[in-house]
Amino acid sequence: MVAGSGGVAVALVVGLLGQAVKTTSQGSIGAAWTVIVGLSVNVVVPAGRTLRATVHSHMQNTVVGGVGLSVAMDGGGLGESYAYSTNASSGAEVIATGIVSPSAGAHTFTVS
């Protein structure tokens, strides 16, 4: 951490620990949280690190209602985001972000 304007601590970006990209559709997903196949990342975290996990997706809804996106570490939720549409067959850009300071070692990040 370094001092930013006004003496506020600002985190420095140290480097990318992992990344996953999926460009194909998951297909039909029901109302329950469903892990998105191909969007899990296993990383080894050094001691003393604070991580930001971010997921961005274009979500397509075939009925009136909401869509949601969640990012989790080792099965525990870090961040969620929702969009609601009053039109069937509409889409929305959804972004979910979570900040965590995990223990050193291996961790798995998943998207639902």
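Residues numbered from 1 in each chain as written. Predicted model: local features only at pLDDT ≥ 70, side-chain atom pairs only at ≥ 80, totals over all residues. Heavy atoms only, no water.

Structural notes on the sheet that holds strand S6 (residues 76–85)
The strand order S3-S8-S5-S6 describes an open sheet built from four strands, whose pairing is antiparallel. A single partner strand is all that each edge strand has here, and the edge strands are strand S3 (41–45) and S6. With strand direction ignored, the average angle separating the axes of adjacent strands in the sheet is 20°. As judged from the nine bridges shared by strand S5 (residues 65–73) and S6, these two strands associate in the antiparallel manner. Residue pairing in the sheet places Gly 65 in a bridge with Ser 85 of S6. (Pairing = 2+ DSSP bridges. Helix = DSSP H or I, 4+ residues; strand = E, 2+ residues; numbered from the N terminus. Axes fitted to C-alpha atoms, helices over the stretch in contact; angles between N-to-C directions.)

Describing empty space enclosed by the protein
Within the structure shown, the criterion is met by one cavity of 30 Å³ or more. Taken as a whole, the largest cavity encloses approximately 40 Å³ of empty space. Lining the largest cavity are Met 59, Asn 61, Gly 65, Gly 66, Val 67, Ala 83, Tyr 84, Ser 85, Ser 90, Gly 91 and Ala 92. Where the lining of the largest cavity is concerned, the elements lending two or more residues are strand S4 (51–61), S5, S6 and strand S7 (90–100). When its residues are assigned to classes, the lining of the largest cavity shows five nonpolar, six polar and no charged. (1 Å grid on protein atoms, 1.4 Å probe; cavity = no way out; pocket = protein on both sides within 12 Å on 5 of 7 lines; lining within 4 Å. Points joined across faces, edges and corners; volume = space filled by probe spheres on them. Nonpolar A, V, L, I, M, F, W, Y, C, P; charged D, E, K, R; others polar.)

A closer look at the nonpolar core
Core analysis: the biggest nonpolar cluster contains 19 residues, and Val 55, Leu 69, Val 94, Phe 109 and Val 111 have the highest contact counts within it. Within the residue set of this core, elements represented by two or more residues are S3, S4, S5, S7 and strand S8 (105–111). Among residues more than four places away in sequence, those in contact with Phe 109 are Leu 39, Ser 40, Val 41, Val 43, Leu 51, Ala 53, Ala 72, Met 73 and Leu 78. (Core = buried A, V, L, I, M, F, W, Y, C linked by side-chain atoms within 4.5 Å. Buried < 20%, exposed > 50% of the residue type's maximum accessible area, 1.4 Å probe, protein only. Contact = heavy atoms within 4.5 Å.)

Some thoughts on the confidence of the model for the protein
Summary statistics for the protein give a mean pLDDT of 79 and a share of 88% for residues scoring 70 or more. Least confident of the elements in the protein is strand S1 (residues 2–3), whose mean pLDDT is 40; most confident is S8, at 92. Below pLDDT 50 for its whole length, residues 1–7 participates in nine contacts with residues either more than four positions away or in separate chains. (pLDDT = per-residue confidence, 0-100.)

A few points about the side chain of Thr 110
Here Thr 110 lies in strand S8. Beyond its immediate chain neighbours, meaning those up to four positions away, Thr 110 contacts Leu 39, Ser 40, Ser 70, Val 71 and Ala 72.

As for the environment of Glu 80
Position of Glu 80 relative to the elements: it lies in strand S6. For Glu 80, a relative accessible area of 46% gives the class partly exposed. Sequence spacing of Glu 80 and Thr 54 is 26 residues, and the spatial spacing of their C-alpha atoms is 10.0 Å. When near neighbours in sequence (up to four residues on either side) are disregarded, Glu 80 contacts Trp 33, Leu 69, Ser 70 and Ala 96.

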